[in-house]
Structures are given as C-alpha cells and as structure tokens.
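Chain by chain, the residues run as shown.
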Amino acid sequence: MASDSRGTPPGPPPGERILVIGGGYVGMYTALRLQRKLKQRLKSGETEIVVVTPDPYMTYQPFLPEAAAGSISPRHVVVPLRRVLVHCTIVIGEAQQIDHAKRTATVTTLASGEDGTGAMEIPYDEIVIAPGSVSRTLPVPGLADHGIGFKTIEEAIGLRNHVIEQMDIASATRDPAIRDAALTFVFVGGGYAGVEALAELEDMARYTARYYHNIKAEDLKWILVEASDRILPEVGAAMGTYAIRELRGRNIDVRLDTRLDSCEDRVAVLSDGSRFPTRTLVWTAGVKPAPVLAATDLPVDERGRLRCTAQLTVEGAEHAWAAGDAAAVPDLTAEEPGKETAPNAQHAVRQAKVLAENILAAISGEPLKEYRHSYAGSVASLGLHKGVAHVYGRKLKGYPAWLMHRTYHLSRVPTFNRKARVLAEWTLAGLFKREIVSLGSLEHPRAEFELAAGGRRADGDGPPKKDG
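On a predicted model such as this, the values are computed, not experimentally measured, just so you know.

**Q** I keep staring at the overall build of the protein and nothing clicks. Help me out?
**A** The helix and strand tally for the protein stands at 14 helices and 24 strands. Taking 2.2 N^0.38 as the reference for a compact globule, 468 residues should give roughly 23 Å; the C-alpha atoms of the protein span a radius of gyration of 23 Å, in line with that estimate. Seen through its C-alpha atoms, the protein measures out along the principal axes to roughly 70 × 60 × 45 Å. Every one of the 468 residues in the protein was classed for burial, and the buried ones make up 50%. For the protein, the exposed area adds up to about 22000 Å²; of that, 52% sits on carbon and sulfur atoms. If the 56 positive side-chain charges of the protein are averaged to one point and the 57 negative ones to another, these points end up 7 Å apart.

The following block contains the structure:
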C-alpha cells in the first residue's frame, strides 16, 4: 500500500506515476477505477497513483441543500478519500502550476508554510486534470464583504447556523430595522444550487419559526434574484415555470430578469430599483474553472476550460487527460455540431469511467474509446416532499419528483456505507421532528476559551465574540 502524504512529496517513482489533480467526482472515480484495475501493479510498485486534492474527502454536492436544512448529517455528504483510495497516495494540497512539457506539477501542501520549504514539484508520466470549479463572482460592491457562497459542505453548514442565528437576533432585538434585516434572506442565482438551497432552508426556517414566541413564518422574507427569464433551465421551461409558481405560492419573492447591483452596508440593491436591508446574501450565480488551469501550458477555450477530445485527452497533448467542470468535452450525441457536454455530475461520473479505461488502454497500447452519453434529464428538490423532474422526456412535479430526486441521488452517492447512512437518516427524519439547533460556535471553537483566558478581539476592542 502506498503511504499517504500530507506534505511530504511522494518518493521517486519505481515505475510509472499517474498524477490525479482533484478529488471530486472525476478525480475520485478515475483513481478508484484505476486502483481496481491496477491493483497488482500498485502493490508491486510498478505503478503509483498520486491524488492531489485540497480536502481529504469528496463532497457529494447534490446533498448540500439537505445538509444545510438538517435532513442529512454533514459527515454523510462527504466520502473520505483515504478510506476509498487505499492503494493511492493522497496529497492534501493544491496544484499551483502544471508544466506538461516537463511533466511536472508544482504543489503546495498544508506543510508548505510551516516548514518553510515552499511548494514541491511532483513529476508524472500520465496526468488527469480534474480540479473542478470555483464560484464565479462579479464585481458587485459589497459582495466580498457580505456574500455567502454555497459550494462546500462548510458553507452549507455555516449557512444553516447563520439562518437560525438571524432568527435568534430577530427574536431578541428591540430595533425593528435590525429585525427586518435579520429576517430577510436574499439568494442570487436561479440554478440548482440557488433554488434548492433556498427551498430547503425556507422549509427549515418556516418549521423553526413555530418554536419562537415572537416570530411567525410570514415574518420571514425570502427573495430569489435571477438575471435570466427562467430558473432551473435544466428541467425544461414547463417545469421551471411550475417551480416558480410553487415558490411564489410559499410567499417567496422570485425576481426574473433582475441583477444584484450592490450589497454594500448590508443593503441588497437590485437592478429593478428595489432595496432590501438584509444580513443574509447567498451567491450561487454560477461557477468558473479552477485557477490552476490558467497556470498550465495546455490549451484552454474562451471560458478557461481545457480543450479536450471525445477520448477525454487534452487536445494536442499526449499523456494529459481531463473531464468534468474543467474540461470542454465534445458532445457526440448532440444534434447541433460543436456542442459540449454539460458540466454536471451526471456526465462527470460517466466520463471518469471512460477516462480510466482509456488510460489503461493507452498504457497497454490499445485503441481509445469515445465518450458518448445522451443526457437522461434532471431532478430538483423544492423542499420536503416537493420537487420537479424532467427525465427521459417525462415531466414530474410535487411528491413523485421529490421521491425521484431522493432515489436517484441515493443510487449515485458513492459507497454502500454512505448510502446506508443517508437512508437511515431519512428514515429517522420521517419518524422524528426536525433538528433546529444552531452550532455557530463551531466556526469559532476557541472563542469561549480565549474569553476565559482573558483574550481580546482581534481589533483590540474587547473580549472575543463566541459567534461570528
């Protein structure tokens, strides 16, 4: 078994080294398949698989909204890479640069700043570039200071804590303006992340309100801002329209063809002239490729993604492979020529299988396969027992769509262990009441001890706060 690394570069490769950049869908599934197929070579040292990833786990992102709403425990939304990739070398770090001409990747690890040695170079024979994507932001005044993202498990749990804390603030304050701002929640972006996060959290907050003596569900103001003329474009126009009708039926203010112009001083200013004082602004308006792609000598398209062939090789570069959010992969099943596969989990998981098989074929000198997959459709949750779906031409809404959403994602979450745990939590959630606890202090675990030890806030104006 290859040793794990948390800062020490892998030893000199005795044979060939396959370097995987990224531990998401593509990175984990590709490494997992290669691990299974190359088990004997990995044990003998003929081959080494090195996975470079910022986090020691893979996040199953479709479950983030349910984790934020408390329907699933956060630890069941992530898959520990060291448990799954037992024959791979896991390096917790980030690739800063890839020099494919020299077959080296420059990587910083958790130890880079501690031991003073700086970044290390990892040589490779084959490279899989799958760093995923990061939030795409716009130069909106105040966004960096007050915006909240929704792409990681930490952000999802932080947002849950934040929403409940705002209800606590609203319940305790005597200032009507602070109460109004605390109970106003603005979400920017009408894609999957924005709609599902808003719908699940609104469901949770409406339930939570019954336990406050001075807050009613109708006191909470939820606003969804979308720059285009529709939401959830993946489920089709008809289901998107139904989703809008469903959300508005829950007194959620859905604003189409509207942009966020500013959120300075905790006031959301929209392009239609509306102004909403708010202490919660969630930004889910799209993603962009990971920054490392700009620091490579490999070809990228106008959106910053790697140009790829249908065999999932990087155009014009031998021994370089890519898939997922970071790759522009031709869609061979599309009617329109030049179209590319959508950057979603459905394609990423299937691309990883073909990518791994093609690496194995390339190593043994066999012909490569082309990636082909007709888009099956999409499902989206709109809160407990509510959803929309457009799968294989069939349109579903309400409870059947919600059930399909849960069934599909339960079948796709990696490992039997995670499937069983998620199913058990859903079963228990159906038997017992929701949890409405905020654990905001988890984000500042030393605050109470610092206070007890006579510590002061970073600004020097007094003792540290327990919560942010």
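**Q** Hey, could you run me through the sheet that holds strand β14 (residues 260–262) in this one?
**A** Adjacent strands of a sheet pair through backbone hydrogen bonds, lying either parallel or antiparallel. Pairing within the open sheet is antiparallel, and its three strands lie in the order β14-β15-β16. One side of each edge strand has no neighbouring strand; the edge strands of this open sheet are β14 and β16 (275–277). If you compare each strand with its neighbour and ignore which way they point, the axes differ by 35 degrees on average.

**Q** Help me understand the UniProt feature "domain: FAD/NAD(P)-binding" (unreviewed entry) in the protein, please; the structure alone is not making it clear to me.
**A** The sites that carry the UniProt feature "domain: FAD/NAD(P)-binding" (unreviewed entry) are, in the present numbering, residues 17–352. Between the C-alpha atoms that bound residues 17–352 there is a distance of 18 Å. The span itself is 30% helix and 26% strand.

**Q** Explain the side chain of Thr 208 to me, please; I cannot follow it from the model alone.
**A** Relative to the helices and strands, Thr 208 is located in helix α9 (residues 192–208). A polar contact is formed between the side chain of Thr 208 and the backbone oxygen of Met 204, at a distance of 2.8 Å. Those residues in contact with Thr 208 that sit more than four places away from it in its chain are Met 167 and Ile 436.

**Q** Would you explain the pairing of strand β22 (residues 377–381) in this entry?
**A** Both faces of the sheet carry side chains from a regular strand, because those side chains alternate between them. The buried count for β22 comes to five of five residues, which makes it a mostly enclosed element. Here β22 shows no split at all, with Gly 377, Val 379 and Ser 381 on one side and Ser 378 and Ala 380 on the other all buried.

**Q** It is not clear to me how the environment of Pro 337 should be interpreted in this structure. Could you clarify?
**A** With respect to the element layout, Pro 337 can be found in the loop between β21 (327–328) and α11 (345–364). Taking the C-alpha atoms as reference, Pro 337 lies 31 Å from His 405; in sequence the two are 68 residues apart.

**Q** What exactly am I supposed to notice about helix α10 (residues 237–249) here?
**A** Because each turn of an α-helix spans 3.6 residues, side chains separated by three or four positions end up pointing in the same direction. In this model, α10 (13 residues) spans 18 Å end to end at C-alpha, consistent with the 18 Å of a helix rising 1.5 Å per residue. Residues of α10 that are buried: Met 239, Gly 240, Tyr 242, Ala 243, Ile 244, Glu 246 and Leu 247. Elements in contact with the buried residues of α10: α9, β12 (221–225), β13 (252–255), β23 (387–391) and β24 (394–397). Where α10 ends, the next residue or the one after it, Asn 251, has phi of about 65 degrees, a positive value.

**Q** Where do I start with the packing of helix α12 (residues 399–412) against helix α13 (residues 416–431) in this structure?
**A** Two numbers describe how α12 lies on α13: the axes approach to 9 Å, and their chain directions differ by 150 degrees. Classed by the angle they form, the pair α12 and α13 counts as roughly antiparallel. Pair α12 / α13 crosses with right-handed handedness. Together, Arg 406, Leu 410 and Ser 411 of α12 and Lys 419, Val 422, Leu 423 and Trp 426 of α13 make up the contact between the two elements. Across the contact of α12 with α13, the residue classes break down as four nonpolar, one polar and two charged.

**Q** How should the pairing of strand β17 (residues 280–283) be read in this particular structure?
**A** Residues Thr 280 and Val 282 of β17 are buried on one face, and the alternating residues Leu 281 and Trp 283, pointing to the opposite face, are buried as well. Note: strand β10 (residues 147–148) against β17, two bridges, orientation parallel. Directly across from Gly 147, in β17, lies its bridge partner Leu 281.

**Q** Can you walk me through the packing of aromatic side chains in this structure?
**A** Aromatic ring pairs are defined here through the distance separating the ring centres and the angle between the ring planes. Using the criterion set out here, one finds seven aromatic pairs in the structure. Consider the rings of Tyr 399 and Trp 402, whose centres lie 5.4 Å apart with planes at 40 degrees: the pair is tilted. Placement of both Tyr 399 and Trp 402 in helix α12 is noted, with a separation of three residues, approximately one turn of the helix. In this structure Tyr 399 comes out as partly exposed when scored by relative accessible area, which is 43%. A connected cluster of aromatic rings, assembled from ring pairs, spans Tyr 25, Tyr 60, Phe 63 and Trp 426.

**Q** Is there a simple way to think about the nonpolar core in this case?
**A** The tendency in soluble globular proteins is for nonpolar side chains to be buried as a group. Among the nonpolar cores identified, the biggest contains 115 residues, and Leu 19, Ile 49, Leu 85, Phe 187, Trp 222, Leu 232 and Val 388 are the most heavily contacted of them. No other element matches helix α7 (residues 153–172), which puts eight residues into this core. Listed in part, the 14 residues of the second largest apolar core include Leu 143, Val 225, Ala 268 and Phe 276.

**Q** When you look at a nonpolar patch on the surface in this model, what are you seeing that I'm missing?
**A** On the surface, Leu 428, Leu 431 and Phe 432 cluster together into a nonpolar patch covering about 360 Å² of accessible area. Relative to the helices and strands, Leu 431 is located in helix α13. Residue Leu 431 is classed as exposed on the basis of its relative accessible area of 63%.

**Q** Help me understand the packing of helix α1 (residues 25–37) against α11, please; the structure alone is not making it clear to me.
**A** Relative orientation and spacing of two packed helices are given, respectively, by the angle between their axes and the distance between those axes. Two numbers describe how α1 lies on α11: the axes approach to 8 Å, and their chain directions differ by 35 degrees. Between α1 and α11 lies a crossing of right-handed hand. Contacts between α1 and α11 involve Tyr 25, Val 26, Tyr 29, Thr 30, Arg 33, Leu 34 and Lys 37 from the former and Ala 345, Ala 348, Val 349, Ala 352, Lys 353, Leu 355, Ala 356, Glu 357, Ile 359 and Leu 360 from the latter.

**Q** Honestly, the environment of Gln 166 in this entry has me stumped. Any pointers?
**A** Tracing the sequence through the fold places Gln 166 in helix α7. Taking the relative accessible area as the measure of exposure, Gln 166 reaches 3% and is therefore buried. Between the C-alpha atoms of Gln 166 and Glu 114, which are 52 residues apart in sequence, the distance is 37 Å. In contact with Gln 166, not counting residues within four places along its chain, are Ala 182, Phe 185, Arg 279 and Thr 280. A polar contact of 2.7 Å, which involves the side chain of Gln 166, links it to the side chain of Arg 279.

**Q** Explain the sheet that holds β17 here, please?
**A** Taken in spatial order, the five strands make up an open sheet running β10-β17-β11-β12-β13, and their pairing is parallel. Looking at strand neighbours, the two that pair on one side only are β10 and β13, the edges of this open sheet. Across four bridges, the pairing between strand β11 (residues 184–188) and β17 is parallel. In the sheet register, Phe 187 faces β17, and the bridge partner there is Val 282. α7 contacts β10, β11, β12 and β17 of the sheet and is inclined by roughly 160 degrees relative to β17. Strand contacts of α10: β12 and β13, with the helix running at about 140 degrees to β13, the strand carrying the most contacts.

Conventions we followed
- Residues numbered from 1 in each chain as written.
- Predicted model: local features only at pLDDT ≥ 70, side-chain atom pairs only at ≥ 80, totals over all residues.
- Heavy atoms only, no water.
- Helix = DSSP H or I, 4+ residues; strand = E, 2+ residues; numbered from the N terminus.
- Rg over C-alpha atoms; globule rule 2.2 N^0.38 Å.
- Buried < 20%, exposed > 50% of the residue type's maximum accessible area, 1.4 Å probe, protein only.
- Areas by Shrake-Rupley, 256 points an atom, 1.4 Å probe, with all protein chains shown as cover.
- Lys, Arg positive; Asp, Glu negative; His and termini not counted.
- Charge placed at Lys NZ, Arg CZ, Asp CG, Glu CD.
- Pairing = 2+ DSSP bridges.
- Axes fitted to C-alpha atoms, helices over the stretch in contact; angles between N-to-C directions.
- UniProt positions renumbered as here; feature names shortened; annotations may be inferred.
- Polar contact = N/O pair within 3.5 Å; in protein donor to acceptor, adjacent residues only side chain to side chain.
- Contact = heavy atoms within 4.5 Å.
- Expected span 1.5 Å × (residues − 1).
- Parallel < 35°, antiparallel > 145°, perpendicular 65-115°, else oblique.
- Left-handed = near helix turned anticlockwise from the far one by under 90°.
- Nonpolar A, V, L, I, M, F, W, Y, C, P; charged D, E, K, R; others polar.
- Phe/Tyr/Trp six-rings, centres within 6.5 Å; stacked < 30°, edge-to-face > 60°.
- Core = buried A, V, L, I, M, F, W, Y, C linked by side-chain atoms within 4.5 Å.
- Patch = residues over 30% accessible without salt bridge, like charges linked within 9 Å, V, L, I, M, F, W, Y side chains within 5 Å.
- Salt bridge = Lys/Arg side-chain N within 4 Å of Asp/Glu carboxyl O.

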